[in-house]
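What follows is the residue order along each chain.
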Amino acid sequence: MSSSASAVESDREQVLTTTPGPILVLGAPGSGKGTQAKELIKHWGIPHISTGDLLRANRDRGTDLGKIADGLMKRGELVPDSLVNEMVAARLKEPDTARGYILDGFPRTLGQASWLDGRLATQKGSLPVVAVSIHVDYNQLLRRITGRRTCPACGAIYNIYLNPPKKDGLCDVDGTTLVHRADDTEEAFKERMRSYGALTEPVIEHYRGLGRFAEVDGDGPIAAIAAGIVAAVERLRQ
Ligand code: AMP
């Protein structure tokens, strides 16, 4: 590479490090979106916005949105687009999103995707979204979901089959009793996979069609998968 080409390349890397823009992490329940988003914030220093986490926080605070979302979430059904879009709009107004953000679990429907695309198109200077989907086989997803336990205090994620805590049922970091999400049962998983296939896979096709999509293999060490996502985003942003 000539010295001017390498200077352009390093400028691009610099821009990407300072302004990664909106990044969507897509994938079926259990594909590791949350785990990967936590790795990616270390790389880019931008916020992780999980619509599942925001809805659970609303449920725990007993807000009107939380009351509506609670039953739907337990059954593995989606919360209506208008409510989720409004919640995301409020979060995106916060100043920490200026350089970019990692959206985890949103958009999950074509309606949410076109709302997001429309919103970004009217925002001066905003980069378009790039989407990366994490692919994991069905049986592996089922094992990950039914074995998943999370720490309500620090958010650490364990799996009783694949990555158990040192002491049964307790967080390694702070000793808090781990929780098993009500929608991490086999029955709710099946409903979540059904809505994923019917409603979220078209979102993948939408971003693929726009040339702003990449898929990574989600079966492997966490750091290797994160490196694959970073490389994919860098390629898509060139
Ligand atoms: P997650 O933590 O991403 O697996 O989300 C847990 C549950 O929250 C989902 O099964 C849905 O019931 C609900 N949810 C999260 N994100 C969305 C979204 N973008 N649209 C509709 N419902 C959502």
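Shown above is the structure to which this text applies.
Model, not experiment: these values are computed from the prediction.

Q: Sorry if this is basic, but what is going on with the sheet that holds strand S7 (residues 213-217) here?
A: By definition, the strands of a sheet pair up through backbone hydrogen bonds, in either a parallel or an antiparallel sense. Pairing in this open sheet of five strands is parallel, and the strands run S2-S3-S1-S4-S7 from one edge to the other. Every interior strand has two partners, whereas the edge strands, strand S2 (48-50) and S7, have only one. This sheet shows a mean twist of 25° between the axes of neighbouring strands, independent of strand direction. The sheet contact formed by S2 and strand S3 (residues 100-104) spans three bridges and is parallel. Residue Ser-50 lies in a different strand from S3, and its bridge partner there is Asp-104.

Q: Please clarify how the environment of Lys-93 should be interpreted in this entry.
A: As for its position among the elements, Lys-93 is in the loop between helix H5 (81-92) and S3. On the basis of relative accessible area, Lys-93 is assigned to the exposed category, the value being 66%.

Q: Would you explain the site of the ligand in this entry?
A: Taken together, 16 residues sit near the ligand, with Thr-51, Glu-77, Gly-105, Arg-108 and Gln-112 positioned nearest. Residue Arg-56 places a side-chain N or O atom 2.9 Å away from an oxygen atom belonging to the ligand. Contact between the ligand and Val-79: a nitrogen atom at 3.1 Å from a main-chain N or O atom of the residue. Considering the ligand on its own, with 480 Å² of exposed area, one finds that the protein chains cover 96% of that surface.

Definitions and cut-offs
- Residues numbered from 1 in each chain as written.
- Predicted model: local features only at pLDDT ≥ 70, side-chain atom pairs only at ≥ 80, totals over all residues.
- Heavy atoms only, no water.
- Pairing = 2+ DSSP bridges.
- Helix = DSSP H or I, 4+ residues; strand = E, 2+ residues; numbered from the N terminus.
- Axes fitted to C-alpha atoms, helices over the stretch in contact; angles between N-to-C directions.
- Buried < 20%, exposed > 50% of the residue type's maximum accessible area, 1.4 Å probe, protein only.
- Near = heavy atom within 4 Å.
- Polar contact = N/O pair within 3.5 Å; in protein donor to acceptor, adjacent residues only side chain to side chain.
- Areas by Shrake-Rupley, 256 points an atom, 1.4 Å probe, with all protein chains shown as cover.

Bear in mind that shape data such as this cannot, by itself, settle questions of function.
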